[in-house]
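Report on the structure
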Amino acid sequence: MPASPTKEVVSSGSQNARRGGCHELEFSGEHVVTAKIPTLPLNLTFNLPSGARISAHAFACSDGKAVARCYLPEAGEWTWEAKSSAGKGVASGRIQVEDSDLPGKLRASQLDPRQFQYDSGAPYLHFGDIAEALLQPGQTNWQAYINQAAQAGFTKIRTRLPKSATSSANFYDEHRKQLNLPFWDEVEKRLLYALEHFPKIQFQVDVLAQDRNELDRYEEGDPLTHLAVNYIIERFSSLANVHWSLASEIDPAKDSAVTLQALSRLGKAFYEQAPWHSLITCGQPRYANFLFDREKWCSLTSLASLGQVDGAFVQENRKLTNKPLVLDKDRSEHKLAPLQPRYYFRRLFWGVLLSGAHPTYHGLDTSGQGTGHKSGIIPYYDACHAARLHAGADDILHIQTFLRETCGSLAGWIPDDAIGGNKPLLVKAMRSTDGDQCIVYIANPDSHAGHTGKNGQGFYSDQNAGASDIFTTFNLELPFSNGTAAWFCPSSGQWKGKVEITKASTIFLTPEPGDWILWIQRD
């Protein structure tokens, strides 16, 4: 897929800027970085049209330039002033920010704190993909990967900064004496490309992954580790397509108290020092309930589980928080793989969405350390054409079509499996706040008995199940007695006719075999 035209998201100098974009200021002369001090003692204050004042710092690039950057949440005239660490004025100026259609940063929805929206107010429907090593310099497929991720309908890419899950050595030069500025330039190249061509795609950037040594060094006050954290904040927090996961696989049963305290301090640093308030979370092992919901810095819940086609684990955790809940790990096509990937992931996506949470797909092993047919940063459709993947994410676009043509957003919607008789392996349901509309997913699997998996133990019927090749009947207990129900085929994205509803308790017969969606509205 060819890249979309550049959206003029990043402006600089005296150029007019766009709300929801990013503006850069460049400094030189005595303020240019030196080899031993790869950040600048240069403080900036931005005065927003609303009267808010935001402080930031300049950072260095490998070409010797010093850059300060601001995210632009407001239209109007901005002013800025740069001072040295001693308080001496260095430069000042104005930025004229025009209104625009750019989506801007990701936030919790103002209508429903469990859903997302962009700063522009447009709703955001989360469909994650995992590309851990995407930002590493050795990955040559990064541009095609981003292009095809957009084509497939992914709206979030989960990736990491460390070169491997357990090593952040690439942050620094080989002697660990200073920052590795060419690496950070490469990270920026990828993030800016995505921002300028596909500004609706978010990147959840894992800061330290599983490098517990680096996290402990942060707690111990290591100057270079603190320098790296400050540098990451200043260079990337102003990009509208970036939000943060502080670390991954954080396990209270295995990680020390020092590590957990370090994580809390790191979250506080990103919350307080990053002036543009990007979302922040933290990754945990499978089946762990989220630890950090009460932390002030925590803005969304990240979970990992298995076989969440019935949404049981996300609904259990939904009772514990009013923040957006993201299922960041389930099955993948390369590990713990389902026998029927396309049906499985379609069923997972609908099951998680109608449980009030946000789903993630996982195809290949993208760790950068894997080998073989199922490994690598390979663009989605290229991987499918080469039979490395088997169309597991092909129905994301159909889900987006359905929501666009019906309710537009799930903000305010309430999970309600009682509509389908509390049989979530067979029927998942959700209703609007006023109860006038319902979405019902009929999974119609060819097997579901004995689905007893719990925390990795027992049998998960979903791993082997496919869509049944027979029709199915099912009973719905609706919150109203008069209305219409429209059939939507989730594997083709096509509408297949309507039926009239004349009573609240109604038996339906699917129009064809396989799984189906019902869009039900009160008259």
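Above this text sits the structure in question.
Residues numbered from 1 in each chain as written. Predicted model: local features only at pLDDT ≥ 70, side-chain atom pairs only at ≥ 80, totals over all residues. Heavy atoms only, no water.

1. What to know about the overall build of the protein chain
The test is simple: The helix count covers DSSP runs of H or I at least four residues long, the strand count covers runs of E at least two residues long, and both are numbered beginning at the N terminus. We compute the radius of gyration from the C-alpha atoms alone; for a globule the expected value is 2.2 Å times N to the 0.38, where N is the number of residues. Relative accessible area decides the class of each residue, using a 1.4 Å probe on protein chains only: under 20% of the type maximum gives buried, over 50% gives exposed, and in between gives partly exposed. It only takes one pair of heavy atoms within 4.5 Å for two residues to be counted as in contact. Per-residue accessibility takes into account occlusion by the displayed protein chains alone, with areas from the Shrake-Rupley method and a 1.4 Å probe. This count recognises Lys and Arg as positive and Asp and Glu as negative, with His and chain-terminal groups excluded. A single reference atom marks each charge: NZ on Lys, CZ on Arg, CG on Asp, CD on Glu.
When helices and strands are tallied, the protein chain shows nine helices and 26 strands. Whereas a compact globule of 523 residues would reach a radius of gyration of roughly 24 Å, the protein chain reaches 24 Å, a difference of no more than 12%. Taken across its 523 residues, the protein chain has 57% of its residues classed as buried. Long-range contacts, defined here as pairs at least 24 residues apart, represent 68% of the contacts in the protein chain between residues at least 6 apart. Here the protein chain has roughly 20,700 Å² of accessible surface; of this, 48% comes from carbon and sulfur atoms. Each charge class in the protein chain was averaged separately, 51 positive and 57 negative side chains, and the resulting centres sit 2 Å apart.

2. A word on the environment of Asp446
Here Asp446 lies in the loop between β21 (437-442) and β22 (473-477). In this structure, the C-alpha to C-alpha distance between Asp446 and Gly267, residues 179 residues apart in sequence, is 45 Å.

3. With respect to the sheet that holds strand β24 (residues 494-501)
Our working definition: Only strands joined by at least two bridges in the DSSP assignment are considered to pair. All axes here are fitted lines through C-alpha atoms, helices being fitted over the stretch that makes contact, and every angle between N-to-C directions spans 0 to 180 degrees.
An order of β19-β20-β21-β26-β23-β24 is seen for the six strands of this open sheet, with the pairing classed as antiparallel. Bordering the open sheet on either side are β19 (414-415) and β24, each of which pairs with just one other strand. Where strand β23 (residues 483-489) meets strand β26 (residues 516-522), six bridges bridge the pair, whose relative direction is antiparallel. Across the sheet, Gly483 pairs through a bridge with Arg522, a residue of β26. Each of β20 (427-431), β21 and β26 touches helix α7 (residues 341-353); the most contacted strand, β21, lies at about 150° to it.

4. Observations concerning the packing of aromatic side chains
Rules: Only centres within 6.5 Å qualify two rings of Phe, Tyr or Trp (six-membered ring in Trp) as a pair; their planes then separate them into stacked at under 30 degrees, edge-to-face at over 60, and tilted for everything else. Here, over-ring charges are defined by two tests on the NZ atom of lysine or the CZ atom of arginine: distance to the ring centre within 6 Å, and angle to the ring normal within 35 degrees.
Scanning all chains against the criterion turns up 35 aromatic pairs. With a centroid separation of 5.6 Å and an interplanar angle of 80°, the aromatic rings of Phe127 and Phe349 are classed as edge-to-face. Taken together, the positions of Phe127 in the loop between β11 (123-124) and β12 (128-130) and Phe349 in helix α7 put the pair 222 residues apart, joining distant regions of the chain. Ring pairing ties together the aromatic residues Phe127, Phe154, Tyr344, Phe345, Phe349, Tyr361, Tyr380 and Tyr381, which thus form one cluster. Looking at Lys105, its charged tip hangs above the ring of Tyr71, at a distance of 5.8 Å from the centre. The cationic tip of Arg331 hangs over the ring face of Tyr460; the distance from NZ or CZ to the ring centre is 5.4 Å.

5. Quick notes on helix α1 (residues 142-152)
Here α1 has its buried residues at Trp142, Tyr145, Ile146, Asn147, Gln148, Ala149 and Ala152. Close packing links the buried residues of α1 with β12, β13 (156-160), α2 (181-197), β14 (202-206), α8 (380-385) and α9 (396-405). Just downstream of α1 lies Gly153, where phi reads positive at about 100°.

6. So, the sheet that holds β12
Across the sheet, five strands lie side by side as β12-β13-β14-β15-β16; this open sheet has parallel pairing. Here the strands that pair on one side only, and so sit at the sheet edges, are β12 and β16 (280-281). Relative to β16, strand β15 (residues 242-245) is paired through two bridges, and the arrangement is parallel. In the sheet register, Trp244 faces β16, and the bridge partner there is Ile280.

7. Observations concerning the pairing of strand β25 (residues 505-509)
Here β25 shows one buried face, formed by Thr506 and Phe508, and one open face, formed by Ser505, Ile507 and Leu509. Across five bridges, the pairing between β22 and β25 is antiparallel. Considered in β25, the bridge of Glu477 is made with Ser505.

8. Considering helix α3 (residues 212-220)
Buried residues of α3: Arg212, Glu214, Leu215, Asp216, Tyr218 and Glu219, and no others. Taken together, the buried residues of α3 touch α4 (223-236) and α5 (257-273).

9. Considerations on the packing of α4 against α5
We apply this condition: Crossing handedness is defined as follows: a turn of the near helix away from the far one that is anticlockwise and smaller than a right angle gives a left-handed crossing, while the clockwise case is right-handed. In this classification, Asp, Glu, Lys and Arg are treated as charged, Ala, Val, Leu, Ile, Met, Phe, Trp, Tyr, Cys and Pro as nonpolar, and every other residue, Gly included, as polar.
Running from amino to carboxyl end, α4 crosses α5 at an angle of 35°, the nearest separation of the two axes being 10 Å. Remark: the crossing between α4 and α5 carries right-handed chirality. Along the contact surface, α4 presents Val229, Asn230, Ile232, Ile233 and Glu234, while α5 presents Leu266, Ala269, Phe270 and Gln273. Considered class by class, the residues forming the contact of α4 with α5 number six nonpolar, two polar and one charged.

10. Quick look at the nonpolar core
For clarity, the threshold we go by: Note on terminology: a nonpolar core comprises buried Ala, Val, Leu, Ile, Met, Phe, Trp, Tyr and Cys residues joined through side-chain atoms within 4.5 Å.
Formed by 129 residues in total, the largest nonpolar core has its most connected members in Phe46, Trp184, Phe270 and Ile439. A per-element tally of this core places α2 first, with nine residues. Core analysis: the next-biggest nonpolar cluster, separate from the first, contains 18 residues, Ile419, Phe480, Ile501 and Leu518 among them.

11. Description of the pattern of salt bridges
Filter applied, for reference: Salt bridge, as used here, is a side-chain nitrogen of Lys or Arg placed within 4 Å of a carboxyl oxygen of Asp or Glu.
Under the criterion given, the structure shown has 27 salt bridges. Across the pair Arg69 and Glu188 runs a salt bridge whose closest N-O atoms are separated by 2.9 Å. Here Glu188 lies in helix α2 and Arg69 lies in strand β6 (residues 66-71), a separation of 119 residues in the sequence. This pair shows no difference in class: Arg69 is buried, exactly as Glu188 is. Two residues, Asp436 and Arg522, come together in a salt bridge whose shortest N-O distance is 2.6 Å. With Asp436 in the loop between β20 and β21 and Arg522 in strand β26, this pair connects stretches of sequence that are 86 residues apart. Beyond isolated ion pairs, a larger network of salt bridges with shared partners links Glu24, Arg69, Asp185, Glu188 and Arg235.

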